Amino acid sequence: MSAPDEFEQIARLFRPLTRGAAEAFDLLDDAAVIPSRPGFDLVVTKDALVAGVHFQPDDPPDIIARRLMRANLSDLAAKGAEPHGYLLMTAWPADFGWEQRQAFARGLDEDGRAFGVILLGGDTVSTPGPLTVCMTLLGWVPAGKMIRRAGARPGDLVLVSGPIGDGWLDWGPGWGELDRRWLPEGHRLPTPRLDLREVLRAYASAAADVSDGLIADAGHIAKASGVGMRIDLDRMPLSGPARAWLATQSDPAAARLRLATGGDDYEIVCTAPADQPALLGLTVIGEVTDGEGVEVRAGGAVLEAGPGGWRHG
């Protein structure tokens, strides 16, 4: 079935995703208006996904849509923010047909309802290149309480919210290199750690979501804060499948480093004063130091971590 024109697509695919929100104007205008919320700051984040770079080209369209939303929600979670709404850009290739576009919209609808976010506007275009989708997500945080990457201090502990490395096992640089039995079930739909908003605002001194890789994202905190870090990968939490894969590796330290630099985990890495880790309830993996850079250890030795994760050229 051929796809309707741009405006019919907006009406049929995307207008229902506003769920009647007044600020979206039924997507009939070129802009939305976000009412102010006294006592809160508006937090804005943006992520894009490109077929062949961030997801498999043959991934189900609804999964692609939900991963896009969850990647953005993960950024808000690290800021301690409550999601509100989003702006969407879709660049459809010619072979991404009407049924696939409908499935993409269904994925957005499902997670939009699950996480309480509404579509506010955006743009829909065609492209000769791969499927490209982009979301700008808006959220609210109590005034002055957004958790920045800057804020870590020497003596703070470095903590992480959950298992690291599952993203690399599912979507690593070596497609086909790994036995598919190692893949964590359902990893393609990571759960953004919005459940940690309040505890992070209360106790964390700095935070970032683990999208580029644990070492890289910890390094972003260190650089923004003007401090150094020591991270012990032997303390890094791992899932059952990651442990099973690790047990097959001849060099456990190098294998842990691969898991720690793969990215796409969407957990939270944060810092907190040394007297508060029990209040956060997260896993301690290191400490903040004077100086700069991130020292990575495993098996009692210091490892060369390179950039520590994913970087786009």
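Right, let's walk through the structure included here. Just so we're clear, the structure is a prediction, and the values are computed from it rather than from any experiment.

Describing the sheet that holds strand 7 (residues 228-232)
Spatially, 6-8-5-9-7-10-11 is the arrangement adopted by the seven strands of the open sheet, whose pairing is mixed. Among the strands making up the open sheet, the edge pair consists of strand 6 (206-209) and strand 11 (301-303). The mean angle between the axes of side-by-side strands here comes to 25°, regardless of whether they run parallel or antiparallel. Of the strand pairs in this sheet, strand 6 and strand 8 (residues 268-272) are connected by four bridges, and their pairing is antiparallel. Within strand 8, the position partnered with D209 by the bridge is I268.

As for the layout of surface pockets
As a volume, the second largest pocket reaches approximately 400 Å³. In this structure, the second largest pocket is lined by 21 residues; those nearest its centre are I10, L27, D29, G121 and G122. Elements supplying a minimum of two residues to the lining of the second largest pocket: helix 1 (6-14), strand 2 (82-92) and strand 3 (118-126). Residue contributions to the lining of the second largest pocket peak at six residues, all from strand 3. Here the residues of the lining of the second largest pocket sort into 12 nonpolar, four polar and five charged.

Remarks on helix 6 (residues 214-225)
Because an α-helix packs 3.6 residues into every turn, residues spaced three or four apart end up facing the same way. With 12 residues, helix 6 should cover 16 Å at 1.5 Å per step; its first-to-last C-alpha distance of 17 Å lies within 8% of that length. Restricting attention to buried positions, one finds in helix 6 the residues L214, I215, A216, D217, A218, I221, A222 and S225. Where helix 6 terminates, the next one or two residues include G226, which has phi positive at roughly 70°.

Describing the packing of helix 1 against helix 3 (residues 98-115)
Here helix 1 crosses helix 3 at 40°, and the two axes come no closer than 10 Å. Our classification of the angle between helix 1 and helix 3 gives oblique. Every residue of helix 3 that contacts helix 1 at Q9, R12, L13 and F14 is listed here: W98, R101, Q102, A105 and L108.

Topic: helix 2 (residues 61-79)
With 19 residues, helix 2 extends 28 Å between its outermost C-alpha atoms, agreeing within 8% with the 27 Å of an ideal straight helix rising 1.5 Å per residue. Immediately downstream of helix 2, the backbone of G80 shows phi near 75°, a positive value.

Side note on the environment of G281
Along the chain, the position of G281 falls in the loop between helix 9 (277-280) and strand 9 (283-289). Owing to a relative accessible area of 60%, G281 belongs among the exposed residues under this scheme. Spatially, the C-alpha atom of G281 lies 31 Å from that of A48, the residues being 233 residues apart in sequence.

Things to note about the pairing of strand 8
Burial within strand 8 is extensive, with five of its five residues counted as buried. As paired elements, strand 5 (residues 157-160) and strand 8 share four bridges and run antiparallel to each other. Across the sheet, the residue bridging to V160 is V269, located in strand 8.

Cut-off values and rules
Residues numbered from 1 in each chain as written. Predicted model: local features only at pLDDT ≥ 70, side-chain atom pairs only at ≥ 80, totals over all residues. Heavy atoms only, no water. Pairing = 2+ DSSP bridges. Helix = DSSP H or I, 4+ residues; strand = E, 2+ residues; numbered from the N terminus. Axes fitted to C-alpha atoms, helices over the stretch in contact; angles between N-to-C directions. 1 Å grid on protein atoms, 1.4 Å probe; cavity = no way out; pocket = protein on both sides within 12 Å on 5 of 7 lines; lining within 4 Å. Points joined across faces, edges and corners; volume = space filled by probe spheres on them. Nonpolar A, V, L, I, M, F, W, Y, C, P; charged D, E, K, R; others polar. Expected span 1.5 Å × (residues − 1). Buried < 20%, exposed > 50% of the residue type's maximum accessible area, 1.4 Å probe, protein only. Parallel < 35°, antiparallel > 145°, perpendicular 65-115°, else oblique. Contact = heavy atoms within 4.5 Å.

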